Amino acid sequence: MKVVISEYSAGFSDYSWILCNELARYVEDLAYLTEQGNGYLPMIDKKVAVSPLFQPFKADQWHRKGSFLWYFDRCGTALKNCRRRNQYIKQNRPDVVFIQATLSAVDCYFLPQLKKYSKVVLIVHDVVVPVQSLSWSRPALKKTYETADLLVVHSKENKRQLHKIFGMDLRKIKVIPHGIRSSYRKLPKADCRKKLGISHTEKVFLFYGSIRSSKGLDILLRAMKGIDGTLIIAGAPFYGESFDKYQALIEKNKLKTIPFIEYTSDAFRDVLFQASDYLILPYKEFYSQSGVFMQAIQYHLPVIATDVSSFRAFIERYGIGYVCRPNDVASLHRTIQKACHSNKDFGMQMEQAVRENCWEVAAKMYAKLLRQLG
């Protein structure tokens, strides 16, 4: 079988390179189309034919977000990339093409053309993209979803959301776990804390990932008032938005924080997760299966999360943390206090969660899906 994985934005490259390597065990002819300068390319199995066809978006560096030039540049780049991908598919005629990380407002007009040459499977990481933008308007997303032969989501809740919000036929939606790596670079917690200047007796909480309003960092900073512990904040404000309002809350509530207001390397992520006692996901709303959440399970780091998307289902099924109400400062505060006073060992539960959601399991499910499509 001939399979192509296409992703013209590096936002999901840390997912794609593992998917490529796992699928290479089942697919003899596998190609990966991605953007130029993708830093994960050296990690991809040599059996995978890598084609860095796509031009990266540069509008975010050159123009003010939302300006005419910004939209013009992004749409122009998307048009070029869609044409390049479609030309590649037309020439190579794969049996199946997996599409992810695409600009729906443009690609909803290009995807129908692909169906002349290949079956189209859309990997839906975000049922509703967590950015208010014409690029991923709901009409454009609906048209994109309707075009695909199959839709892959990472949780049963995401499947329900696709059906409820967009009216997608449940028979068209397949649930495949996001995938968790079974191993990671294990570092002593004491060494990680030493690098960060944190005492070994301190309770340490981690907020990790891009910073945008829907992720509820403002709720967390209010909820942390009076909590005896250190909060690590690691991530960049979305599209260069200011961190000032969060800094004001930190100062107002006299919080002990360690900020890394930038995108971090995978190596530094190892340090941050293994220095912490809990990952906190204070999201106000969510329509995805969080990659950060799955990374926490990989590192055996318990989670405090709000009851949005599939967080409750995962946490309660495996007993790997605590759930509170979304957009509720008092509920989050009580939940953090509860976690602070708990001596629970989450080791066995984490091992079960990894075992049942690891990349090996996800890859077998992708391979089964391919056999059904073939």
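See above for the structure.
Residues numbered from 1 in each chain as written. Predicted model: local features only at pLDDT ≥ 70, side-chain atom pairs only at ≥ 80, totals over all residues. Heavy atoms only, no water.

1. Quick notes on the overall build of the chain
Phase 1 of the analysis: Across its full length, the chain carries 16 helices and 13 strands.
Phase 2 of the analysis: Structurally, the chain occupies a C-alpha span of about 60 × 50 × 40 Å along its principal axes.
Phase 3 of the analysis: Expressed as a percentage of the 374 residues in the chain, the buried residues total 57%.
Phase 4 of the analysis: Look at the contacts in the chain between residues 6 or more apart in sequence, and 70% of them connect residues 24 or more apart.
Phase 5 of the analysis: In the form shown here, the chain has an accessible surface area of approximately 17000 Å², with 51% of it arising from carbon and sulfur atoms.
Phase 6 of the analysis: Computed over 55 positive and 35 negative side-chain charges, the separation of the two mean positions in the chain equals 4 Å. (Helix = DSSP H or I, 4+ residues; strand = E, 2+ residues; numbered from the N terminus. Buried < 20%, exposed > 50% of the residue type's maximum accessible area, 1.4 Å probe, protein only. Contact = heavy atoms within 4.5 Å. Areas by Shrake-Rupley, 256 points an atom, 1.4 Å probe, with all protein chains shown as cover. Lys, Arg positive; Asp, Glu negative; His and termini not counted. Charge placed at Lys NZ, Arg CZ, Asp CG, Glu CD.)

2. Section: the environment of Ala-248
Phase 1 of the analysis: Relative to the helices and strands, Ala-248 resides in helix H10 (residues 244–252).
Phase 2 of the analysis: Considered as a pair, Ala-248 and Leu-221 are 27 residues apart in the sequence and their alpha carbons are 9.9 Å apart.

3. Comments concerning the pattern of salt bridges
Phase 1 of the analysis: According to the stated counting rule, one finds 17 salt bridges in the structure shown.
Phase 2 of the analysis: In this structure, the salt-bridge partner of Lys-189 is Asp-277, at a minimum N-O distance of 3.2 Å. With Lys-189 in helix H8 (residues 189–196) and Asp-277 in the loop between helix H11 (266–275) and strand S11 (278–281), the pair connects residues that are 88 residues apart, well separated along the chain.
Phase 3 of the analysis: The shortest N-O distance in the salt bridge between Asp-218 and Arg-222 comes to 3.6 Å. With a gap of 4 residues between them, Asp-218 and Arg-222 both fall in helix H9 (residues 217–223), about one helical turn apart.
Phase 4 of the analysis: The exposure class of Arg-222 is partly exposed, given its relative accessible area of 40%.
Phase 5 of the analysis: One network of salt bridges, with partners in common, ties together Lys-189, Arg-193 and Asp-277. (Salt bridge = Lys/Arg side-chain N within 4 Å of Asp/Glu carboxyl O.)

4. Regarding the pairing of strand S9 (residues 230–234)
Phase 1 of the analysis: Counting buried positions along S9 yields 5 of 5 residues, so the element is predominantly enclosed.
Phase 2 of the analysis: Two strands pair when backbone bridges link them, and strand S8 (residues 204–208) and S9 are joined in this way by 5 bridges, in the parallel orientation. In the sheet register, Leu-206 faces S9, and the bridge partner there is Ile-232.
Phase 3 of the analysis: Relative to strand S10 (residues 257–260), S9 runs parallel, the two being bridged by 4 bridges. Counterpart to Ala-234 in the pairing with S10 is Phe-260. (Pairing = 2+ DSSP bridges.)

5. Focus: the environment of Asn-86
Phase 1 of the analysis: Along the chain, the position of Asn-86 falls in helix H3 (residues 68–92).
Phase 2 of the analysis: Take Asn-86: its relative accessible area is 8%, and that puts it in the buried class.
Phase 3 of the analysis: Separated by 260 residues in the primary sequence, Asn-86 and Phe-346 place their C-alpha atoms 47 Å from one another.
Phase 4 of the analysis: In this structure Asn-86 touches Phe-110, Gln-113 and Leu-114, once residues within four positions along its chain are discounted.
Phase 5 of the analysis: Of the polar contacts made by the side chain of Asn-86, one reaches the backbone oxygen of Phe-110; its length is 3.1 Å. (Polar contact = N/O pair within 3.5 Å; in protein donor to acceptor, adjacent residues only side chain to side chain.)

6. Brief notes about the sheet that holds strand S2 (residues 29–35)
Phase 1 of the analysis: If you trace the 7 strands from one edge of the open sheet to the other, you get S3-S2-S1-S4-S5-S6-S7, paired in parallel fashion. Pairing within the sheet leaves two strands with one partner each, and these edge strands are strand S3 (49–54) and strand S7 (173–175). Adjacent strand axes in the sheet meet at a mean angle of 25°, parallel and antiparallel pairs treated alike.
Phase 2 of the analysis: Bridging between strand S1 (residues 2–7) and S2 involves 5 bridges; their strand directions are parallel. Within the sheet, the bridge partner assigned to Val-4 lies in S2 and is Ala-31.
Phase 3 of the analysis: Helix-sheet contacts for helix H7 (residues 156–166) involve strand S6 (150–153) and S7, and the interaxial angle to S7 is about 165°. (Axes fitted to C-alpha atoms, helices over the stretch in contact; angles between N-to-C directions.)

7. Looking at helix H15 (residues 347–357)
Phase 1 of the analysis: The set of residues buried in H15 consists of Gln-349, Met-350, Ala-353, Val-354 and Asn-357. Projected onto a plane normal to the axis of H15, the buried residues spread over an arc of 135° and lie on a single side. Exposed and facing more than 90 degrees away from the buried side of H15 are Met-348 and Arg-355.
Phase 2 of the analysis: Close packing links the buried residues of H15 with helix H12 (291–298), helix H13 (311–318) and helix H16 (359–373). (Arc of directions from axis to C-beta.)

8. A few points about the nonpolar core
Phase 1 of the analysis: Residues Phe-205, Leu-279, Phe-293, Ile-297 and Ile-336 are the most contacted members of the largest nonpolar core, which totals 66 residues.
Phase 2 of the analysis: When sequence neighbours within four positions are dropped, the list of residues in contact with Phe-205 reads Met-224, Ile-227, Gly-229, Thr-230, Leu-231, Ile-232, Tyr-278, Ile-280, Ile-304, Ile-336 and Cys-340.
Phase 3 of the analysis: Leu-33, Val-120, Val-128 and Phe-166 belong to the second largest nonpolar core, which has 35 residues in total. (Core = buried A, V, L, I, M, F, W, Y, C linked by side-chain atoms within 4.5 Å.)

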